[in-house]
Structures are given as structure tokens and as C-alpha cells.
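Reading the structure
Residues per chain, in single letters:
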Amino acid sequence: MSPALAGVAFTATQRARLATIADVVDPEPLGSFRSGRAARALQQADVILGHWGCPKLDAKAVGLAPNLRLLAYAAGTVKGVVTPALWSAGVAVTSAAAANARPVAEYTLAAILFANKGAFASREWLRDQRVRVKRPRPLGNCGARVGIIGASFVGRRVIELLAPFDLELVVADPFLRRAEATRLGVKLVPLPELLRTSTVVSIHAPSLPSTRGMIGAEELALLPDGATLINTARGALVDTDALVVELRTRRISAVLDVTDPEPLPAGHALRKISNVFVTPHLAGAQGNELVRLADLAIGEVERFAKGRRPLHPVVEADLARIA
Ligand SMILES: NC(=O)c1ccc[n+]([C@@H]2O[C@H](COP(=O)([O-])OP(=O)(O)OC[C@H]3O[C@@H](n4cnc5c(N)ncnc54)[C@H](O)[C@@H]3O)[C@@H](O)[C@H]2O)c1
């Protein structure tokens, strides 16, 4: 992992727990697999415990690790780390994406409830000194339809968190079966129907060749007047220029934790338009939420040590449809 995460990603208690499970051959973060220190660690390792900034396990690194059997990744997507060489070597891979989904879903829950309440728009109205601006009328959270794009880890968690509220949930996801949607208590609908009928639309699909730009001018035009688009997934899923055009009409609003480009350059339109609420990619695990990622990964190391199957495996065949 990135050396900057030393003392942050794994608490002293978690390191102590790890030491009861495994012989930790090198307790300091390795930011590269190209050093003598890395070669010595790889030579002995059965398991690599990785986190943000973990270097790619390419053929050279895998070749230095004859005993490697598990990559326990204590963060979300493993796509920056895994390689064909790692899969060919038969190394099992686990990810903490499920743990990282929790804070993203919590952020989304708050954004949905605030959006239907008109809280973002009303705050701007309060701050606006020009009296000619009309006070926005909130839609409300009673019976409103919420559209979830993607029954991913995050999407499913959002669905769970929304259960106690008086909202109707629809989901668009080409991989979700109708029976599973029923089990989740949601209605599976085509994306255009979701966009046409939801007062809040929240994007939770992964960034894939098939999803990049999936929300463009045509899709934005389908949103009802007063709707809010929430994006905590990846900026590239939304056509930024088209979104800026639509936001400037003031017909819709947006809550964006991710943008394209990211970070937003100084002076970018999304920094200035008042009907968009932008945060700097903070929905995922931050601060005390990081502890869950490490707990999940250490749990996978423990299962490995006991000869058990991982609870959160990532398999090569799924890479084309996951984050
Ligand atoms: N803002 C943050 O800090 C933050 C943190 C974590 C994850 N994310 C992002 O949130 C999104 C969800 O992450 P995740 O780990 O839950 O994803 P995931 O890996 O669980 O998503 C995979 C699922 O997405 C669904 N999907 C695939 N293609 C789709 C499509 N075309 N339309 C609708 N659904 C589709 C399928 O159900 C698939 O199984 C990703 O874009 C991820 O990068 C952001």
C-alpha cells in the first residue's frame, strides 16, 4: 500500500490481531515490488495484504512469490492490482468492496432524503441575496419514486437503508434478475422508464466500457422537472457537458461525489452552478470508517489460515461487470 497509509489503514489493534494469525514477514508498507526488500518479502509470502496504492502484481512480482496463495485487498476495486499473471498463478483474490459500500450508501441515503426535501435548493435560496429568486417547493419524501442504477454492493446497500422510508424503489441493471429484484423489494425497470418516473436517480453502476457516458443529454432530458441526479459511482458515467447544459436550465439538480474530470479544475462550471452539490470523492471509507476495510481483509487472512474459503472472493470472470 501507499507508505502514506502507514499507521492509518491498520490500527495497532488490527496489527496485533494479524500477528496472532500470521507471521508478518515485513510489517512496513511496500509501495513497490521492485526493491530488494520487496523481493525478500515476496519470496516468503503466502499472503499479500494490500490497500490503496498497492503496486500491480505483474509477472515479475508474481515470479518472485513462489508461495503466494492469497491477495487480501483491504480496499475496493482490485483492477489496478490484479494481472493475468496473478490469475494464472492460481492466487485467490478478495476485496473489501462490500465494506467500502457502507459509507457510500450512507452518503447516498442522506443525499436522497435531502434532495426530496429540497434541502440543497432551499439552502441556496436562503444564501441568495436576490429577493426575486423564488423559494423552491420541496417534493417531499412521502411516496416519492427513487431510481437506483445498478444493484451493485453500493446499490443493494442503498436499497436496504431505504427500507424504513415511505419511498418506492425502482432499479435498472442488465445483470439483475426479476426474481432477485422481487427478493430485494424493488421493481426492475428499463433505464428510460427509471429516468422518466423517478424524482431522485442515484447512480451505482461500475465504470466499464458499456457504462461510460450512459447518462448523456438524451437520458437527462427524460428526468422529470425538479428531479435530482446523484452520482457517487464514477464521473465518467455521466456526460459532464450535457449535465452542465441541463443544470443551467435549472430544471433538475445534482449531487455529485465524483466528477469527470476529477478533481474539478479551478473555475469549472460544476464548481459555480448553484443547483449542484459537489463533494471531493469522499463518500467511500474515510477516517474511522477505514477500520471496516482492514477488519474485512484480516478476516479473510484468518479464514485462509484456517483453510476456509474466502467470504468476499473476486474472480477473473466477473471483472467485466464489476467495479
Ligand atoms: N464515491 C466513492 O468514494 C466510491 C466508493 C466505492 C465505490 N464507488 C463506486 O460506486 C460504484 C459501485 O461500486 P460497487 O463496488 O458497489 O460495484 P460492484 O462491483 O458491486 O458493481 C457490479 C454490479 O453493477 C451492476 N452493473 C453492471 N453494469 C451495469 C449497468 N450497465 N447498469 C446498471 N448496473 C450495472 C451489476 O449488478 C454488477 O454486478 C462503482 O462505480 C464504484 O467505482 C465510489
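Here is what the cut-offs are and how they apply
- Residues numbered from 1 in each chain as written.
- Predicted model: local features only at pLDDT ≥ 70, side-chain atom pairs only at ≥ 80, totals over all residues.
- Heavy atoms only, no water.
- Buried < 20%, exposed > 50% of the residue type's maximum accessible area, 1.4 Å probe, protein only.
- Helix = DSSP H or I, 4+ residues; strand = E, 2+ residues; numbered from the N terminus.
- Pairing = 2+ DSSP bridges.
- Right-handed = clockwise from strand over helix to strand, strands pointing away.

So, about the pairing of strand β7 (residues 200-203). A two-sided burial pattern is seen for β7, the buried positions comprising Val200 and Ser202 on one face and Val201 and Ile203 on the other. Where strand β4 (residues 145-149) lies against β7, 4 bridges are found, and the strand directions are parallel. Each bridged residue has a counterpart across the sheet, and for isoleucine 149 the counterpart in β7 is isoleucine 203. Sheet topology places β7 next to strand β8 (residues 228-231); 4 bridges connect them, and they run parallel. Opposite isoleucine 203, over in β8, you have asparagine 231 as the bridge partner. Note that the unit made of β7, helix α10 (residues 217-222) and β8 has a crossover that is right-handed.

What follows deals with the sheet that holds β4. An order of β6-β5-β4-β7-β8-β9-β10 is seen for the 7 strands of this open sheet, with the pairing classed as parallel. With partners counted over all chains shown, the strands left at the sheet margins are β6 (187-188) and β10 (276-278), one partner each. Here β4 runs beside strand β5 (residues 168-172); their pairing, made up of 5 bridges, is parallel. In the strand pairing of β5, arginine 145 is matched with glutamate 168.

The sheet contact formed by β8 and strand β9 (residues 253-256) spans 4 bridges and is parallel. Bridge pairing in β9 links leucine 229 to alanine 254. As for the winding sense of the linkage, the β-α-β connection from β8 through helix α11 (residues 240-248) to β9 is right-handed. Taken together, the 3 bridges between β9 and β10 define a ladder with parallel strand orientation. Bridge pairing links valine 255 to phenylalanine 277 in β10.

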